[in-house]
Amino acid sequence: MPPRYPSYAYVEPQATGVSDAEIEEIIDDLVSQSPGMKLPHGDPMDPICRAMNVDLEYSSPPHEILLDVPADRKACIWLPKKGKPRQDRFMAAMGVGHWILHVPVTREACPGCGIQALLRPTDRAAQAEAVRFARILLMPREVFCSLWYEGRANLVADTLNVPTQVVYERAAMLDIPTDDGRGNKFEWKSRAQVSGGY
């Protein structure tokens with residue numbers, strides 16, 4: 001990823017205070033308008049980025065920028081050249097989250113400025129929203145729950161092509177217990193035991 005540009009020409013994305021339910025509605029709306037936006041089987045992020053007119057590029061260190069939105073050029077999501085495919089896919093989804101959730105609001109608040117979503121932002125609120133967006137986009141509730149109850153975290157990670165850690169984070173978002181309360185993380189629980197069914 002390129003080094004950070006001079007700060008006077010760029011601003012960081014502004015958080016919008018969006019809820020998980022609102023993110024789900026935004027994604028549902030996008031998918032209904034463009035069926036190619038749905039990623040139920042771990043498909044690459046390239047088609048989504050192309051549909052949104054955002055480049056997806058790889059670069060050598062330093063790795064400071066995730067999404068670069070220059071005032072006068074095409075936006076670009078930057079991924080590390082030697083990154084792992086699952087992590088790259090999740091980072092690309094975070095970049096898409098910033099693009100959809102934050103770029104319009106930030107452009108309106110700071111006209112004429114470029115926008116940079118940094119990997120180590122000054123304020124982590126927008127980044128946290130982009131992370132939640134990525135989890136919801138790549139692991140839709142119904143698909144996630146079906147895979148989780150069939151084979152737990154490993155099946156979700158393998159099928160949806162995401163890092164195992166973000167699978168557990170998504171389970172926590174959905175209030176799905178990942179242990180039995182006694183430290184046995186991988187004990188099987190039926191749908192009725194966990195949440196009364198989905």
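Residues numbered from 1 in each chain as written. Predicted model: local features only at pLDDT ≥ 70, side-chain atom pairs only at ≥ 80, totals over all residues. Heavy atoms only, no water.

Peer 1: Hey, could you run me through the confidence of the model for the protein in this one?
Peer 2: A low pLDDT score tells you not to read the predicted coordinates there in detail. Taken over all residues, the pLDDT of the protein has a mean of 85, while the share at 70 or more is 83%. Averaged pLDDT values for the elements of the protein fall to 38 in helix H7 (residues 191–195) and rise to 96 in helix H4 (residues 125–138). Under a pLDDT of 50 for its full length, residues 186–198 has, in the predicted model, 31 contacts with residues more than four places off or in other chains. (pLDDT = per-residue confidence, 0-100. Helix = DSSP H or I, 4+ residues; strand = E, 2+ residues; numbered from the N terminus. Contact = heavy atoms within 4.5 Å.)

Peer 1: Looking at this structure, I do not really get the pattern of salt bridges. What am I missing?
Peer 2: Should the charged atoms of two oppositely charged side chains come close, the side chains can pair. Scanning the model with the defined rule gives seven salt bridges in all. One salt bridge in this structure joins arginine 73 and aspartate 72, with 3.7 Å as the shortest N-O distance. Here arginine 73 falls in the partly exposed class, since its relative accessible area comes to 48%. For aspartate 72, a relative accessible area of 64% translates into the label exposed. In the salt-bridge network here, residues are joined through shared partners; they are Glu24, Arg141 and Arg170. (Salt bridge = Lys/Arg side-chain N within 4 Å of Asp/Glu carboxyl O. Buried < 20%, exposed > 50% of the residue type's maximum accessible area, 1.4 Å probe, protein only.)

Peer 1: Is there a simple way to explain the nonpolar core in this structure?
Peer 2: Among the nonpolar cores identified, the biggest contains 52 residues, and Phe144 and Trp148 are the most heavily contacted of them. Broken down by element, the residue count for this core peaks at 10 residues, all from helix H3 (residues 85–109). Residues contacting phenylalanine 144, with those up to four places away along its chain left out, are Met139, Val156, Val167, Arg170, Ala171, Leu174 and Ile176. (Core = buried A, V, L, I, M, F, W, Y, C linked by side-chain atoms within 4.5 Å.)

Peer 1: What is the right way to look at H4 in this model?
Peer 2: In an α-helix, one turn spans 3.6 residues; hence positions three or four apart end up facing the same way. In a regular helix each residue adds 1.5 Å, so 14 residues correspond to 20 Å; H4 covers 20 Å between its end C-alpha atoms and thus fits that length. Of all the 14 residues making up H4, 12 are buried; the element is thus mostly covered by neighbouring parts of the structure. When we look at burial in H4, the residues that qualify are Ala126, Gln127, Glu129, Ala130, Val131, Arg132, Phe133, Ala134, Arg135, Ile136, Leu137 and Leu138. Buried residues along H4 sit against helix H1 (20–33), H3, strand E5 (114–118), helix H5 (141–160) and helix H6 (164–173). (Expected span 1.5 Å × (residues − 1).)

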